[in-house]
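The lines below spell out each chain.
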Amino acid sequence: NAGVMQNPRHLVRRRGQEARLRCSPMKGHSHVYWYRQLPEEGLKFMVYLQKENIIDESGMPKERFSAEFPKEGPSILRIQQVVRGDSAAYFCASSPLSETQYFGPGTRLLVL
Amino acid sequence: SQQGEEDPQALSIQEGENATMNCSYKTSINNLQWYRQNSGRGLVHLILIRSNEREKHSGRLRVTLDTSKKSSSLLITASRAADTASYFCATDARPNDYKLSFGAGTTVTVRA
């Protein structure tokens with residue numbers, strides 16, 4: 001059973017461009033979570049999704065950020081008009097109905 | 001503000017020694033989990049301890065939880081060079097709050 005997959009692993013964008021981060025949960029997992037990690041810090045919750053539904057987006061900036069988890073395909077975290085402060089590692093986690101969240105390897109976004 | 005805070009921030013030990021790190025949190029929790037993160041990699045789930053448990057073991061790991069003091073400790077016995085990583089505690093307040101709150105982590109270096 002493959003783990004949580006994220007791609008790309010590294011992404012470089014210039015200020016003003018769009019960043020699209022993808023996450024494929026573990027097989028059988030219907031819950032997806034996105035977290036952001038700034039250098040030397042712990043992870044901060046951004047958004048929690050189930051298939052076709054955003055359950056909680058309280059940790060996501062109100063502007064420029066959006067997330068989706070369609071019926072088919074991976075979950076997408078989209079950042080429009082990126083700024084330097086968006087540079088971070090973005091982690092996706094998935095879970096079945098249990099408490100344990102399994103994390104992907106992360107996407108490291110660098111905004112030039 | 002962060003829910004969990006690890007102490008110490010950094011720890012350097014000799015191979016074969018034990019490593020102990022602590023985590024304190026602020027609000028009531030349902031579960032507390034410990035994760036390991038190798039440099040530049042994703043998070044690996046180590047152990048979950050529920051709020052009604054006081055101690056849990058997994059291989060060379062021993063976790064304690066004191067809900068009256070809102071604190072947990074992670075002990076790694078007989079450390080190995082491969083244990084070099086950052087260790088994070090994460091709490092959740094399910095069933096109503098599923099999002100994990102992470103501390104800033106303890107960076108452990110095991111010297112050969």
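Above this note sits the structure.
So, here is what we can say about the structure in this document. Here the structure is a predicted model, which means the values were calculated and not measured.

The next subject is a nonpolar patch on the surface. On the surface, a cluster of nonpolar side chains totalling about 250 Å² of accessible area is made up of A:Val12, A:Leu110 and A:Leu112. In this structure, A:Val12 sits in strand S2 (residues 10-13).

Of the residues lining the interface, 24 residues belong to chain A; the matching set on chain B comes to 20 residues. In total, about 1,700 Å² of surface goes out of reach between chain A and chain B, with carbon and sulfur atoms giving 51% of it. Across the chain A-chain B interface, the total number found is 1 salt bridge. When the shortest N-O distance is used, the salt bridge between A:Asp56 and B:Lys99 registers 3.0 Å. Contributing elements (two or more residues each) for the side of chain A that touches chain B: strand S4 (31-37), strand S5 (43-50), strand S6 (53-56) and strand S9 (88-95) of chain A. Residue contributions to the side of chain A that touches chain B peak at 4 residues, all from S5(A). Class assignment for the residues of the side of chain A that touches chain B results in 10 nonpolar, 8 polar and 6 charged.

Bringing the pairing of strand S7 (residues 65-68) of chain A into the picture now. Residue and element names in this part refer to chain A. Here S7 shows one buried face, formed by Phe 65 and Ala 67, and one open face, formed by Ser 66 and Glu 68. Sheet analysis places S7 next to strand S8 (residues 75-79), joined by 4 bridges and oriented antiparallel. Note that in S8 the partner of Ala 67 across the bridge is Leu 77. Counted along the chain from S7 to the antiparallel partner S8, the turn is 6 residues long, and its residue Gly 73 has a positive phi close to 100 degrees.

Further remarks concern the pairing of strand S8 (residues 71-76) of chain B. Residues and elements named next belong to chain B. With 5 of its 6 residues buried, S8 lies for the most part within the structure. Both strand S3 (residues 19-25) and S8 contribute to a ladder of 6 bridges, which runs antiparallel. If you follow Thr 20 over to S8, its bridge partner there is Leu 75. In the sheet, strand S7 (residues 61-66) pairs with S8 via 6 bridges, with the strands oriented antiparallel. Among the inter-strand pairings, Leu 61 is bridged to a residue of S8, identified as Ile 76.

All names here are of chain A. Across the sheet, which stays open at both edges, the 4 strands sit in the order S1-S3-S8-S7 with antiparallel pairing between neighbours. Each having just a single partner strand, strand S1 (5-7) and S7 make up the two edges of the open sheet. Shown here is a sheet whose adjacent strand axes are inclined to one another by a mean of 15 degrees, direction ignored. With 3 bridges connecting them, S1 and strand S3 (residues 19-24) associate as antiparallel partners. Opposite Asn 7, over in S3, you have Arg 22 as the bridge partner.

Two measures describe an aromatic ring pair: the distance that separates the ring centres and the angle between the ring planes. Counted under the stated rule, the structure contains 8 aromatic pairs over all chains. Between the aromatic rings of A:Tyr35 and B:Phe102, the centroid separation amounts to 5.7 Å while the plane-to-plane angle is 85 degrees, which identifies the pairing as edge-to-face. Linking A:Tyr35 in strand S4 with B:Phe102 in strand S10 (residues 97-102), this pair reaches from one chain into another. Comparing A:Tyr35 with B:Phe102 shows no difference in burial state: the two are buried. Chaining the aromatic ring pairs together yields one cluster made of A:Tyr35, A:Phe45, A:Phe103, B:Tyr35, B:Phe88 and B:Phe102.

Moving on, we get to the pattern of salt bridges. Applying the stated criterion across every chain, the model contains 8 salt bridges over all chains. In this structure, the salt-bridge partner of A:Arg20 is A:Glu18, at a minimum N-O distance of 3.6 Å. Its relative accessible area of 37% is what places A:Arg20 among the partly exposed residues. One salt bridge in this structure joins B:Glu53 and B:Lys56, with 3.8 Å as the shortest N-O distance. Through salt bridges with shared partners, one network takes in A:Glu18, A:Arg20 and A:Arg78.

Calculation criteria
Residues numbered from 1 in each chain as written. Chains lettered and ligands numbered in written order. Predicted model: local features only at pLDDT ≥ 70, side-chain atom pairs only at ≥ 80, totals over all residues. Heavy atoms only, no water. Patch = residues over 30% accessible without salt bridge, like charges linked within 9 Å, V, L, I, M, F, W, Y side chains within 5 Å. Areas by Shrake-Rupley, 256 points an atom, 1.4 Å probe, with all protein chains shown as cover. Salt bridge = Lys/Arg side-chain N within 4 Å of Asp/Glu carboxyl O. Helix = DSSP H or I, 4+ residues; strand = E, 2+ residues; numbered from the N terminus. Contact = heavy atoms within 4.5 Å. Buried area = accessible area lost by both parts, 1.4 Å probe. Nonpolar A, V, L, I, M, F, W, Y, C, P; charged D, E, K, R; others polar. Buried < 20%, exposed > 50% of the residue type's maximum accessible area, 1.4 Å probe, protein only. Pairing = 2+ DSSP bridges. Axes fitted to C-alpha atoms, helices over the stretch in contact; angles between N-to-C directions. Phe/Tyr/Trp six-rings, centres within 6.5 Å; stacked < 30°, edge-to-face > 60°.

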